Amino acid sequence: MKRRLLSIAVNAALLLAALLTLLPLAWMVSASFMPAGEANQLPPRYLPSAPTLVHYQTLFARLNLGRAFRNSLILATAITAVSVLCNSMAGYAFAKLRFRGRDRLFALLLLTLVVPPQVGMLPLFLELRALGLVNSFGGVLVAAIATVFGIFLVRQFALAIPDELLDAARIDGASEWRIYWTVVLPLLRPILVTLAVFTFLGSWNDFMWPLIVLTDERLQTLPVALANLSGEHVQDTELMMAGAVVTVLPVLVLFLAAQRQYLEGILMGGLKE
Amino acid sequence: MSAVPRESTGTPKEARAAWWLLAPALGAIVLFFALPVVAGLLLSFSDFDLYAIADPRNARFVGLGNYARLLRDPLFWKALGNTFLLVAVGGPLTLAVALGGALLVNSRLARLRGLYRTIFFAPVVTTLVAVAVVWRALYHPRFGLFNQILGLFGVPEIDWLGHPRWAMFAIVLLSVWRSFGYCLVILVAGLQAIPETLYEAARLDGASWWHQLRHVTLPLLRPTLVFAGVITTVGFFQLFAEPYVMTRGGPLNATLSIALLMYQQGFRWWNMGHAAAIAFTLFALILATSALQVGLRRREARR
């Protein structure tokens, strides 16, 4: 009997916590379908009286959010492709190839994890300005080509590749590049999927660096465009909620589709000691 | 680590291949991370400003001048105080919520554990700017959902983002909501790594739930807790988008964080030398926190 009560209490607490967690997101979706002004009235409405898509139409037809959406999509895809390739090459080399200074170099790389990204932002901006990369996607891309976290993730996974497999390929006369491309990459696939999801979500959500580098309105990514809109349309709550839905929905869907891989990555990163 | 083959046994050909494979990643990290960080330190010893952007020869070496100026700058002290408040309140609150949630999710009485874990994690992947826009609406003093709900319990209207005393707390709440799921997932994994036999032994000794928590769970979970704590702390130190979107640092600079001050000084007023000194102060704070963690760990290992 006591166990029954306890079980009810545990599950009720979980349900309440889950509802509280989802409340902001649920309200965001609901308000985005409300006719203008309905989110700001008393007594409050929780569901739209007559659901409408007018705010989504305004965002895409008048406020150019489609352009920002496309920019975000292009940038996040490019960054994901480039950084998965570079990180997988480096991670594999650190795990499986033998060369002098390897372990010290890797330790040095891990040490840079304590440096917050803000520290390099000012000189990087000046550097990119000299290279003509400010106000271009290239300026955002170069800062994301390789990440220590990505290299670390691939390395941990690649350690499990048996040396015999690589040596057999060498005896068959395969070049090192060929071994990486045809033997190693297929074996790394699970961790590369994890890394790709991580990188895509990270660059889609990134705010500070795109805000600094992309000042031209036509190049702005979704978070930057949304932040600007929210300054101009403080009163248009329903419109802003539609903008938030457009920004958040793609990453939420991607997370739900690949959550197993994503959470695995979190745990591998969490066990780095 | 025994799985790592010894580095010295490779052929020259293998070593050459390794350096080619490393070149793109290492090149990018050196050019677009290491170099800027070193240059940032130099920048923080200069008076680099708008005129120097037009012509770098206008920049002069000022030694520790920028740091000395920071010490006299009330705005910097305000931002520093705010950031410490964020860390001191937000960090423990995030961990407490995450630990409570993790214990519930991991409870043998709980159903649908996977679903709950996913729900609690969902805010972590949401776009910060978007949820800051949503929370700003939720915090609206008259129409916002939070005051509506609190009103049901007779709580008078709170001016969440308009009052200096509440604004920082409002930002902390949003941050806790967005980041507790990350710690929760790590803590659940930590809980699952604790052998069941320890609990069986404790129960045989007649230990209550509270005793098991205090003498089995928490001690064994400590490394995981420390790790989650440091990650959370570092995140709060770097807080930027929430005040940028919701309050622009106001009211009365009550939500001005160090990262936001650095952004304003560096990229709005182009006082880049001054901003670089702020960035390195932030670095020093984060470094001190990490060192504290390592120290804690070492002391634990010796016990």
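Residues numbered from 1 in each chain as written. Chains lettered and ligands numbered in written order. Predicted model: local features only at pLDDT ≥ 70, side-chain atom pairs only at ≥ 80, totals over all residues.

Enquirer: Please explain the overall build of chain B as it appears in this structure.
Expert: Each helix and strand counted, chain B has 13 helices and zero strands in total. The N-to-C order of helical and strand elements in chain B reads α-α-α-α-α-α-α-α-α-α-α-α-α. Computed over C-alpha atoms, the radius of gyration of chain B comes to 24 Å, more than 25% over the 19 Å expected from 2.2 N^0.38 for 303 residues, which places it beyond the range of a compact globule. Based on the C-alpha atoms only, the size of chain B along its principal axes is roughly 75 × 70 × 35 Å. A burial count over chain B gives 43% of its 303 residues as buried. Sequence-distant contacts, at least 24 apart, represent 69% of the contacts inside chain B between residues at least 6 apart. (Helix = DSSP H or I, 4+ residues; strand = E, 2+ residues; numbered from the N terminus. Rg over C-alpha atoms; globule rule 2.2 N^0.38 Å. Buried ≥ 20, exposed ≤ 12 C-beta atoms within 10 Å, placed from the backbone. Contact = placed C-beta atoms within 7 Å.)

Enquirer: Explanation requested: the overall build of chain A in the structure shown.
Expert: Helix and strand counts for chain A stand at 13 helices and zero strands. Along its sequence from the N terminus, chain A presents helices and strands in the succession α-α-α-α-α-α-α-α-α-α-α-α-α. Buried positions account for 43% of the 273 residues belonging to chain A. Relative to all contacts within chain A whose residues are 6 or more apart in sequence, the contacts with residues 24 or more apart total 76%.

Enquirer: What is the right way to read the interface of chain A and chain B from this model?
Expert: A common way to state how big an interface is: give the accessible area lost once the parts meet. Taken together, the contacts link 72 residues of chain A with 78 residues of chain B. Top contributing element to the side of chain A that touches chain B by residue count: helix H1 (residues 2-32) of chain A, with 13 residues. Among the residues forming the side of chain A that touches chain B, the class breakdown is 51 nonpolar, 14 polar and seven charged. (Nonpolar A, V, L, I, M, F, W, Y, C, P; charged D, E, K, R; others polar.)

Enquirer: Please clarify how the confidence of the model for chain A should be interpreted in this entry.
Expert: Caution is warranted with low-pLDDT regions, since their predicted coordinates should not be read in detail. For chain A, per-residue confidence averages 93 on the pLDDT scale, and residues scoring 70 or more make up 99% of the total. Across chain A, the element-wise mean pLDDT spans from 82 in helix H13 (residues 259-270) of chain A up to 97 in helix H3 (residues 65-96) of chain A. (pLDDT = per-residue confidence, 0-100.)

Enquirer: Quick question: what am I supposed to make of the packing of helix H4 (residues 74-106) of chain B against helix H8 (residues 164-192) of chain B here?
Expert: All names here are of chain B. H8 packs onto H4 with a crossing angle of 40° between their chain directions and a minimal axis gap of 6 Å. Relative to H8, the element H4 is oriented oblique. Read as a crossing pair, H4 and H8 show a hand that is right-handed. A class-by-class count of the residues in the contact of H4 with H8 yields 19 nonpolar, eight polar and no charged. (Axes fitted to C-alpha atoms, helices over the stretch in contact; angles between N-to-C directions. Parallel < 35°, antiparallel > 145°, perpendicular 65-115°, else oblique. Left-handed = near helix turned anticlockwise from the far one by under 90°.)

Enquirer: What should I look at first to understand the environment of Leu256(A) in this one?
Expert: With respect to the helices and strands, Leu256(A) occurs in helix H12 (residues 237-257). Taking the C-alpha atoms as reference points, Leu256(A) and Leu187(A), 69 residues apart in sequence, are found 24 Å from one another.

Enquirer: I tried to follow the environment of Gly273(B) on my own but got confused; where do I start?
Expert: Residue and element names in this part refer to chain B. Looking at where Gly273 falls in the secondary structure, it is placed in helix H13 (residues 272-302). Accessibility expressed as a C-beta count within 10 Å gives 25 for Gly273, which makes it buried. Considered as a pair, Gly273 and Thr127 are 146 residues apart in the sequence and their alpha carbons are 31 Å apart. Each residue touching Gly273, except ones within four places of it in the same chain, is listed here: Leu43, Ser44, Ser46, Asp47, Phe48, Asp49 and Asn66.

Enquirer: Please explain the packing of H12(A) against helix H6 (residues 128-138) of chain B as it appears in this structure.
Expert: Any two packed helices are characterised by the angle at which their axes cross and by the distance between the axes. Two elements in contact, H12(A) and H6(B), have axes separated by 9 Å at closest approach and are oriented at 150°. What the angle tells us is that H12(A) and H6(B) run roughly antiparallel. The element H12(A) and its partner H6(B) pack so that their crossing is left-handed. Side by side, H12(A) and H6(B) meet where Thr237(A), Met240(A), Met241(A), Ala244(A), Thr247(A) and Val248(A) of the first sit next to Ala130(B), Val133(B), Val134(B) and Ala137(B) of the second.

Enquirer: Explain helix H9 (residues 176-205) of chain A here, please?
Expert: Residue pairs spaced three or four apart in an α-helix point in one direction, given the helix's 3.6 residues per turn. Here H9(A) contains 30 residues, and its C-alpha end-to-end distance of 36 Å is more than 12% below the 44 Å for a straight helix at 1.5 Å per residue. Of all bends in H9(A), the biggest is about 60°, found at Arg189(A), and the proline Pro190(A) comes one to four residues later. (Expected span 1.5 Å × (residues − 1). Bend = angle between axes of the 7 residues up to and from the residue.)

Enquirer: Sorry, what's going on with the environment of Leu150(B) here?
Expert: Residues and elements named next belong to chain B. Within the secondary structure layout, Leu150 lies in helix H7 (residues 145-152). Overall, Leu150 belongs to the partly exposed group, with 14 C-beta atoms counted inside 10 Å. Sequence separation between Leu150 and Leu221 is 71 residues; the distance between their C-alpha atoms is 35 Å.

Enquirer: Just checking my understanding: could you explain unusual backbone geometry for this structure?
Expert: With the exception of glycine, the majority of residues adopt a negative phi angle, and the majority of peptide bonds are in the trans configuration. Cis geometry is found at the peptide bond from Leu42(A) to Pro43(A), where omega equals -10°. Along the chain, the position of Pro43(A) falls in the loop between H1 and helix H2 (54-61). Here the bond from Gly250(B) into Pro251(B) is cis, since omega is -10°, no more than 30 degrees from zero. In this structure, Pro251(B) sits in the loop between helix H11 (241-246) and helix H12 (258-268). Even without being glycine, Trp270(B) reaches a positive phi, approximately 60°. For Trp270(B), the position within the fold is in the loop between H12 and H13.

Enquirer: What exactly am I supposed to notice about the confidence of the model for chain B here?
Expert: Across chain B, pLDDT averages 91, with 96% of residues at or above 70. Here the complex is predicted with pTM 0.92, and the ipTM for its interfaces comes to 0.92.

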